[in-house]
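Observations on the three-dimensional arrangement
Chain residues, written in single-letter form:
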Amino acid sequence: RVCGARVKSRVAKRSGSDGAMADDVAAPAPDAEMTDAPAPDGAGGEISTGGDHALNSAPNVGTGDGAATLARAQPAASDATPPKPRVFKIGDKVSALASFDGVHHEATVVDLRRAKGAEGKDEDAIGPADVSYYVRYAGMDKRLDAWVAGVNVDVLDPGMTRNLSDPLLGPGSLASPRKDSVNLGDGAPAEGRKVTRNLKRRYNEINNVAGSIEDLAPIDQKLEKEHDEKTKVKNIGCVEFGRFEVDAWYFSPYPAEYADCAKLYVCEHCLKYMKHEVTLLKHKARCRMTHPPGRMIYRHPRHDEGKPGLAFWEIDGNTHKVYCQNLCLLAKLFLDHKTLYFDVDPFLFYVMTEFDERTNKHAVVGYFSKEKWSNEDYNLACILT
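Residues numbered from 1 in each chain as written. Predicted model: local features only at pLDDT ≥ 70, side-chain atom pairs only at ≥ 80, totals over all residues. Heavy atoms only, no water.

Another aspect to go through is the sheet that holds strand β5 (residues 153-155). Pairing in this open sheet of five strands is antiparallel, and the strands run β4-β3-β2-β1-β5 from one edge to the other. Two strands in the sheet have a free side with no partner beyond their single neighbour: β4 (146-149) and β5. Here the strands of the sheet are splayed against their neighbours by 55 degrees on average, with no regard to which way each runs. Examined bridge by bridge, strand β2 (residues 104-114) and strand β3 (residues 131-137) share seven bridges and lie antiparallel to one another. What sits directly across from D111, in β3, is Y134. (Pairing = 2+ DSSP bridges. Helix = DSSP H or I, 4+ residues; strand = E, 2+ residues; numbered from the N terminus. Axes fitted to C-alpha atoms, helices over the stretch in contact; angles between N-to-C directions.)

Bridge count for strand β11 (residues 310-316) against strand β12 (residues 347-356) is seven bridges, and the pairing is antiparallel. Each bridged residue has a counterpart across the sheet, and for D316 the counterpart in β12 is L348. In this sheet, strand β13 (residues 361-371) lies alongside β12 in antiparallel orientation, the contact comprising 10 bridges. Paired with Y350 across the strands is F368, a residue of β13. Between β12 and β13, which pair antiparallel one after the other, the connecting turn spans four residues, and N360 there sits at a positive phi close to 60 degrees.

With that settled, the discussion passes to the nonpolar core. In this structure, Y254, L330, L333 and F349 are the most contacted members of the largest nonpolar core, which totals 30 residues. Looking at this core, the elements that each hand over two or more residues are β6 (236-241), β8 (261-266), α6 (321-332), β12 and β13. Broken down by element, this core gets its largest block of residues, seven residues, from α6. Residues in contact with Y254, not counting those within four places in the same chain, are N235, I236, L264, Y273, L329, L330 and L333. (Core = buried A, V, L, I, M, F, W, Y, C linked by side-chain atoms within 4.5 Å. Buried < 20%, exposed > 50% of the residue type's maximum accessible area, 1.4 Å probe, protein only. Contact = heavy atoms within 4.5 Å.)

Read across the open sheet, the five strands follow the order β10-β11-β12-β13-β14; overall the sheet is antiparallel. Edge positions in the sheet fall to β10 (295-300) and β14 (382-384), since each has one partner strand and no second. For this sheet, the mean angle separating the axes of adjacent strands, direction not counted, is 25 degrees. By the bridge criterion, five bridges tie β10 to β11 in an arrangement that is antiparallel. Within β11, the residue paired with R295 across the bridge is E314. Contacts between α6 and the sheet are confined to β11, β12, β13 and β14, with β12 contributing the most and set at about 80 degrees to the helix.

Attention shifts here to the pattern of salt bridges. Evaluated as defined, the whole model comprises nine salt bridges. A salt bridge links R143 to D141, with the nearest nitrogen and oxygen atoms 3.4 Å apart. For D141, a relative accessible area of 17% gives the class buried. The residue K142 makes a salt bridge to D336 at a minimum N-O spacing of 3.7 Å. (Salt bridge = Lys/Arg side-chain N within 4 Å of Asp/Glu carboxyl O.)

What the rule picks out here adds up to zero disulfides. Of the cysteine sulfurs around C324, a residue in no disulfide, the closest is that of C328, at 6.8 Å. Classification of C324 as buried rests on a relative accessible area of 0%. Between C382, a free cysteine, and C328, which holds the nearest cysteine sulfur, the sulfur-to-sulfur gap is 7.1 Å. (Disulfide = S-S within 2.5 Å.)

This is how it looks when you write it as structure tokens:
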């Protein structure tokens with residue numbers, strides 16, 4: 001408790017020459033204490049200096065209408081967590097659960113869709129369970145973009161927001177504690193090594209980090225933004241290819257009827273693609289292709305090593321157009337900036353296969369392509385393993 005006489009004495013000393021203390025501010029009786037009971041009328045006005053000074057220790061102590069409680073005098077807390085909205089909008093910053101590590105990360109909503117059964121609901125009736133969000137995680141490669149159920153997307157905690165735009169300085173990088181130095185993993189000390197554009201490019205190459213759009217020339221920035229707009233949402237979730245199931249990384253321009261597939265089934269011999277597993281099983285029963293088209297240009301048996309034999313096949317895009325188009329569509333799921341899909345005539349494709357002695361067939365494990373005639377004398381166009 002603060003004695004009333006002591007409070008008024010402090011106010012009188014602070015106001016001094018300002019004359020803010022009026023004669024009508026009467027001191028209580030010597031044996032009286034400040035209590036929670038209402039003060040009698042005329043016992044005193046609001047304690048204030050009336051000038052530039054403010055008494056922070058005793059706000060609104062006793063008024064003519066009665067003493068106000070502290071809860072009434074103090075403002076409401078402003079740090080309360082905002083309520084979770086029913087539906088986030090495209091462009092909102094959120095906290096999304098990542099499937100690759102089971103942890104919530106800062107992300108941006110790129111697209112959204114309603115769940116089955118929620119298409120006819122009013123906007124006000126839509127809840128987290130009725131919508132899914134396609135999110136892009138801050139500071140991470142585009143291949144990690146994914147659809148996340150609405151129940152796993154929450155309001156972004158301000159404490160989670162971090163500057164992850166620069167992989168050299170962001171968490172989890174090889175950057176040293178100094179803000180202007182970087183470790184490229186080459187054994188050289190990071191101290192004193194400035195983050196130049198050349199070092200940043202080398203870091204991105206070593207750590208497979210996509211470069212920033214701002215580092216490109218203006219015309220390339222425009223093309224990159226157009227490319228990102230067209231391919232911002234993956235249309236295939238994963239691919240079943242032979243004995244393997246692989247998560248897709250990027251958008252691929254498969255025909256519209258195959259878009260938005262959770263899983264795409266691809267024959268490992270002829271590369272024909274299907275939407276359903278039963279269709280794939282029927283296709284395998286009648287597929288007669290045992291190796292890629294074209295001619296074998298290299299073979300490496302590995303019986304002594306206990307491994308399947310390797311072979312390389314040269315395929316002319318003009319001669320085997322459908323096979324090469326299917327190969328390009330499959331490769332685009334894992335290559336972000338591949339622009340060749342259907343115009344395969346000017347290219348030669350070199351496909352590597354493993355020989356399966358049980359089925360007596362060759363399965364595709366990788367390929368590279370090159371132009372038949374290159375004005376720049378390039379000998380490589382795309383490569384994927």
